[in-house]
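Structure assessment
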Amino acid sequence: MQAAVLRNNTASSAGGAVYVSGATDLHASDCVFEGNTVFDNATQDVAGYGGALNVEGSGHVMLSNITLVNNRAGNGGAIYAELHPNSSEVVMRMHATVLRNNLAGICGGGLHVSWATRLHASDCVFEGNTVFDDANQVVAGYGGALNVDGSAPVTLSNITLVNNQAYYGGGIFAALTNNVNLSSPEVVMHMHATIMRKNSGKRGGAVHVSGSTQLQAADCVLESNNVTMSNSGAGGVLYVDSSASATLVNVAILNNEATHGGAIYALQNSRVNLSNAVNVSSNQAVYSGGAVYLADFTALSLSHGVLLKNNFARQAGGGIAAFPNSTLDLGPGVQVVNNTANNEGGGVYMDDTSILTVNSQAGATSRVLVTGNAAKQHGGGFCLLSEKFTWHSVRAAASLNILNTAPYGADCYVPTTHLQVVNGTTELSVTSRLDGRVQVTVNASGAQGIPSARMCRRSCKESQWVQRKPPISQGLQPSRCLSESRLVILTDFLFGHSWRHSWQRHGSAQCPGLPQGRCGGKYR
């Protein structure tokens, strides 16, 4: 087909304008498909497959310089493809194709690819496509621009997705049985040089990946996407669940919004990896996780030039919020800067079942930097409710946690009765929570003389430590017992404030476990 115009055609089950099956090869160029529909007269609603074009079978499909506008169907508002390749070759190619203002009732507002369809799309535009439930007059379904539910690789290169809508994945929904790579042929879904802007949904404003899907995105811009502002809306850009994974490299994630996880929401054993110049900035969440929200045994790894900056959450985790049994790994070169939470964890919030590891290296571009973050209650830099956290760095000052602010624990808030410093080059500002447990703000530098690291082994009745000069963080309240107070730090991680506190002991008991001269003098 060449230079053909197919307009206002109707089918009752599949292919409003064109239906292709069997081993037929379809090559179309410079064509226009407009206003075509698959319509069920009985229900008086869109139905079936492929509002403009339905292709199924084992043939090859090539679409070049095609425009598909205002087409409608139940699945695949413009195109539905269910191909069964008889070789390892790619069976569907799209180049310089525009899908605009198409509508589906269930899946794939613009395009639905299924079964073993191998899709390579380049230099294409998906704009204003929607999955919409006419009966209830609400946005619904899967994949506003593109729905993928097969087992073959999908590659998107230099694609623009703008103003698409669906309940699951405003731009793209992918639930593959193998992988999804947006950069290389060996993974199932790959995105390269793709722009996703102003897409919206309720589970992933731009992208929702599920099942065995492995998403890889490189050199992309994901900007101003959002999820429906309700209690369950999540993942302004990316929603990852059900053991899926996402790897992002050199990606800008900017100005996205969600109820939970302004940029990224991950749950149910999923994995997210950000590395090599990923910029996650100015995203916001109505509740927790201004940039990223982790839940239910998920894992997030950040390394090599990842920047989380100016993100905001009204509750916990202005930058990152990690909830039940999740794992966070901050690797070399990560910067968490100027994020804000109204409650806890301006930079990072970790709940009591999550695990944090900081792995820093020497050098300005390899250290972990946490600075300028703020919380209105606990933990300007970190709020760590779990005792499962470890810092590793190769030498002193390899990591920096400085100039963060909060009423309790400016740099780090740890609700634990254990305080331990295991490195002479560590500076630490910590405050525990106000639930009857110990409150203490301590800075330790050159503290290598504390073998057991217990502030005091005696009971409160025998010995109390009170604050002689209020610290900036207002962490210790008068007459609070510091007995058995320690924090485990396995590194020379540097928390920046160099405040000096003086402590005065009341009672005659000595404090075993402290080095000579520490029991009542100045402790820096």
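Chains are numbered independently. Their residues run from 1 in the order of the written sequence. Note on the predicted model: pLDDT of at least 70 is required for a residue's local features to be given, and 80 or more for side-chain atom pairs to be given and counted; whole-chain, interface and lining totals, by contrast, use all residues. Here the side-chain values reflect all heavy atoms present in the structure, with hydrogen atoms and water set aside.

The number of helices and strands found in the protein chain is 0 helices and 60 strands. Exposure classes here rest on a 1.4 Å probe applied to the protein chains alone. A residue is buried below 20% of its type maximum, exposed above 50%, and partly exposed in between. Buried residues in the protein chain amount to 57% of all 524 residues. By definition in these notes, contact holds between two residues if any of their heavy atoms fall within 4.5 Å. Within the protein chain, residue pairs in contact and separated by at least 24 positions form 81% of the contacts whose partners lie at least 6 positions apart. Using the Shrake-Rupley algorithm and a 1.4 Å probe, accessible areas are obtained, with residue cover drawn only from the displayed protein chains. For the protein chain, the exposed area adds up to about 18,900 Å²; of that, 47% sits on carbon and sulfur atoms. In this text, helices come from DSSP runs of H or I with a minimum length of four residues, and strands from runs of E with a minimum of two, each type numbered from the N-terminal end.

Our focus in this paragraph is the packing of aromatic side chains. Only Phe, Tyr and Trp rings are paired, with Trp represented by its six-membered ring, and only when their centres lie within 6.5 Å; those with planes under 30 degrees apart are stacked, over 60 edge-to-face, the remainder tilted. Applying the stated criterion across every chain, the model contains 9 aromatic pairs. Seen from their ring centres, Tyr167 and Tyr168 are 4.7 Å apart, and the 55 degrees between their planes marks the pair as tilted. You can call Tyr168 partly exposed: its relative accessible area is 25%.

For the rest of this paragraph, the subject is the side chain of Asn404. Here Asn404 lies in the loop between strand E54 (400-402) and strand E55 (412-413). For Asn404, a relative accessible area of 1% corresponds to the buried category. For the purposes of these results, a polar contact is taken to be a pair of N or O atoms within 3.5 Å, where, inside protein, one atom must be able to donate a hydrogen and its partner to accept one; residues adjacent in sequence count only when each atom of the pair is a side-chain atom. Engagement of the side chain of Asn404 in a polar contact is seen with the backbone nitrogen of Asn373, the distance being 2.8 Å. Looking at Asn404, its side chain comes within polar contact range of the side chain of Asp411, at 3.1 Å.

In this section: the pairing of strand E13 (residues 92-95). Where burial is concerned, the two faces of E13 differ: the one with Met92 and Met94 is buried and the one with Arg93 and His95 is not. Pairing of strand E9 (residues 61-64) with E13 involves 4 bridges; the strand directions are parallel. Within E13, the position partnered with Val61 by the bridge is Met92. Direction of pairing for E13 relative to strand E17 (residues 119-122): parallel, over a ladder of 4 bridges. Considered in E17, the bridge of Arg93 is made with His120. DSSP bridges decide pairing: two strands pair if at least two such bridges lie between them.

In what follows, salt bridge is the name for a side-chain nitrogen of Lys or Arg lying within 4 Å of a carboxyl oxygen of Asp or Glu. Throughout the structure, instances matching the rule amount to 4 salt bridges. In this structure, Arg7 engages Glu34 in a salt bridge whose closest nitrogen and oxygen atoms are separated by 3.1 Å. On the criterion of sequence distance, the pair formed by Arg7 in strand E1 (residues 5-7) and Glu34 in strand E5 (residues 32-34) is long-range, its members being 27 residues apart. Residue Arg7 is classed as partly exposed on the basis of its relative accessible area of 45%. Arg197 is paired through a salt bridge with Glu223; the nearest N and O atoms lie 3.1 Å apart. In this pair, Arg197 sits in strand E26 (residues 195-197) while Glu223 sits in strand E30 (residues 221-223), placing the two residues 26 residues apart along the sequence. By relative accessible area, which is 29% here, Arg197 ends up partly exposed.

It is worth spelling out the environment of Val98 at this point. Within the element layout of this structure, Val98 appears in strand E14 (residues 98-100). Its relative accessible area of 18% is what places Val98 among the buried residues. Val98 sits 27 residues away from Val125 along the chain, and the two C-alpha atoms are 4.8 Å apart. Beyond its immediate sequence surroundings of up to four residues, Val98 is in contact with Ile66, Thr67, Leu68 and Val125.

Further remarks concern the pairing of strand E45 (residues 327-330). Looking down a regular strand, the side chains alternate between one sheet face and the other. With burial as the criterion, only one face of E45 is covered, namely that bearing Leu328 and Leu330; the residues Thr327 and Asp329 on the opposite face remain uncovered. Bridge count between strand E41 (residues 299-303) and E45: 4 bridges; the pairing is parallel. Of the residues in E45, the one forming a bridge with Ser301 is Asp329. Of the pairings in the sheet, the one linking E45 to strand E49 (residues 355-360) comprises 4 bridges and is parallel in character. What sits directly across from Leu328, in E49, is Leu356.

Right, let's get into unusual backbone geometry. With the exception of glycine, the majority of residues adopt a negative phi angle, and the majority of peptide bonds are in the trans configuration. The backbone phi angle of Ala96 is positive, close to 50 degrees, even though this residue is not glycine. For Ala96, a relative accessible area of 27% translates into the label partly exposed. In this structure, Asn269 is a non-glycine residue whose phi angle is positive, near 65 degrees. Tracing the backbone through its elements, the reader meets Asn269 in the loop between strand E36 (264-266) and strand E37 (271-275).

Here the focus is the environment of Tyr167. Its place among the elements puts Tyr167 in the loop between strand E23 (160-162) and strand E24 (172-176). C-alpha separation for the pair Tyr167 and Ile106, spaced 61 residues apart in sequence, amounts to 10.0 Å. In this view, Tyr167 contacts Val139, Ala140, Gly141, Gly201, Lys202 and Arg203; residues no more than four positions away in its chain are not counted.

Every residue carries a pLDDT, the predictor's confidence in it, which falls somewhere between 0 and 100. In the predicted model, the protein chain carries a mean pLDDT of 78, and 73% of its residues have values of at least 70. In the model, residues 179-187 has pLDDT below 50 throughout and makes 48 contacts with residues more than four positions away in sequence or in other chains. Segment residues 417-524: pLDDT under 50, and 275 contacts once partners within four positions in sequence are set aside and those in other chains are kept.

What follows is about the environment of Ala28. Looking at the secondary structure, you find Ala28 in strand E4 (residues 26-29). Residue Ala28 is classed as buried on the basis of its relative accessible area, which comes to 4%. In this structure the C-alpha to C-alpha distance between Ala28 and Gln2, which are 26 residues apart in sequence, comes to 5.7 Å. Here Ala28 is in contact with Met1, Met62, Leu63, Ser64 and Ile66, once residues within four sequence places are set aside.

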